[in-house]
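Geometric and topological summary
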Amino acid sequence: AHASREPDNSISAALGNIIASWSRRSVASAQRLSFTTRGVASAKRNCAFLRRPTLRGRFIMSPPIHVKVIACVVNTFVLIAGVRNIAAPGVVVPVIPEDAAFRAHFHPEPGYFSADDQRMAFVFQLLGVGFVFMALSKFVCVFTTPESTYLRQKLFAVAGLCDLAMASVVYMYDGLPKSVTGGFAAMHAAEGLVLLVDA
């Protein structure tokens, strides 16, 4: 009788071990599934948070349209002037308002700077490199970074302050009439303000 019970006990023990092992695996699988589900839900909440409208009614993911429009208009002129200063300093570009008066203030002769005035041509070429860098940097910040990052916000703040400084310096210069410098100063002041507000 004892011999017949021993196999039954061993079989019961084996079945109990199998059931216990299956139960532990089921609990572990359920925990992993729960963690995964919570992770997906958290990621969805984070994405929704990043894309939710702010109090101004715009999305954080991209600069608002008025920033894009002003940056595009201002920096298109700046880029054209910069390329001109590098490639052909002294040449008047008709699409830039009052460019002829600005050129004549530094270079009375039409066309390129003369061989006797290469120092001024060198200064304008350096200025042109700065203009190109400034314009392309703003284009990259405004149009090629859809995510809202702290880096972009800091770059907007730096660019906005530099725009306001440039507008102030140009507007306070008395060597040229305000009809020549006023438009340039106004464009940079407007861009500087919108960049600072959006930073």
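The shown structure was predicted, so the numbers you read here are calculated from the model rather than taken from an experiment.

**A closer look at helix 2 (residues 65-87)**
Across its 23 residues, helix 2 extends 32 Å between first and last C-alpha, which sits within 8% of the 33 Å expected from 1.5 Å per residue. Considered for burial, the residues of helix 2 that qualify are V67, A71, V74, N75, V78, A81, G82, R84 and N85.

**A short note on unusual backbone geometry**
For residues besides glycine, phi is generally negative; the peptide bonds are generally trans as well. The phi torsion at E98 lies on the positive side, around 55 degrees, for a residue other than glycine. Along the chain, E98 turns up in the loop between helix 2 and helix 3 (99-106). The partly exposed category is assigned to E98, whose relative accessible area is 39%.

**Considerations on the layout of surface pockets**
Unfilled space is identified by rolling a water-sized probe across the atoms. The calculated volume of the largest pocket comes to roughly 670 Å³. Along its surface, the largest pocket is lined by 27 residues, and F102, F131, V170, V180 and F184 are the ones closest to its centre. Those elements that place two or more of their residues in the lining of the largest pocket are helix 2, helix 3, helix 4 (118-143), helix 5 (150-172) and helix 6 (178-198). Residue contributions to the lining of the largest pocket peak at six residues, all from helix 6. Considered class by class, the residues forming the lining of the largest pocket number 19 nonpolar, four polar and four charged.

**Notes on a nonpolar patch on the surface**
Nonpolar side chains collect at one region of the surface, where I65, V69 and V73 lie side by side and expose about 270 Å² of accessible area between them. Checked against the element boundaries, I65 lands in helix 2.

Conventions used here
- Throughout, a residue's number is its position along its own chain's written sequence, starting from 1.
- A pLDDT threshold of at least 70 governs which residues receive local features in this predicted model, and a stricter bar of 80 or more applies before side-chain atom pairs are shown or counted, although totals over entire chains, interfaces and linings include all residues.
- With hydrogens and water excluded, all non-hydrogen atoms of the structure serve as input to the side-chain values.
- Helical segments are the DSSP runs of H or I of at least four residues, strand segments are the runs of E of at least two, and each set is numbered from the N terminus.
- To estimate the expected span of a helix, count its residues, drop one, and scale the result by 1.5 Å.
- When accessible area is computed with a 1.4 Å probe and restricted to protein chains, residues below 20% of their type maximum are described as buried, those above 50% as exposed, and intermediate ones as partly exposed.
- Think of a 1 Å grid over just the protein atoms. A cavity is a set of points where a 1.4 Å probe fits yet cannot get out, a pocket is an open set with protein on both sides within 12 Å along at least five of seven lines, and lining residues have an atom within 4 Å of a point.
- Grid points are joined across faces, edges and corners, and a volume is the space filled by probe spheres set on the points.
- In this classification, the charged set is Asp, Glu, Lys and Arg, the nonpolar set is Ala, Val, Leu, Ile, Met, Phe, Trp, Tyr, Cys and Pro, and all remaining amino acids, among them Gly, are polar.
- Only residues whose relative accessible area exceeds 30% and that form no salt bridge are eligible for patches; like-charged ones are grouped when within 9 Å, while nonpolar side chains (Val, Leu, Ile, Met, Phe, Trp, Tyr) are grouped when within 5 Å.
- The Shrake-Rupley method, run with a 1.4 Å probe, gives the accessible areas here. Residue values count only the displayed protein chains as cover.
- Salt bridges, as used here, are contacts in which a Lys or Arg side-chain nitrogen is within 4 Å of a carboxyl oxygen on Asp or Glu.

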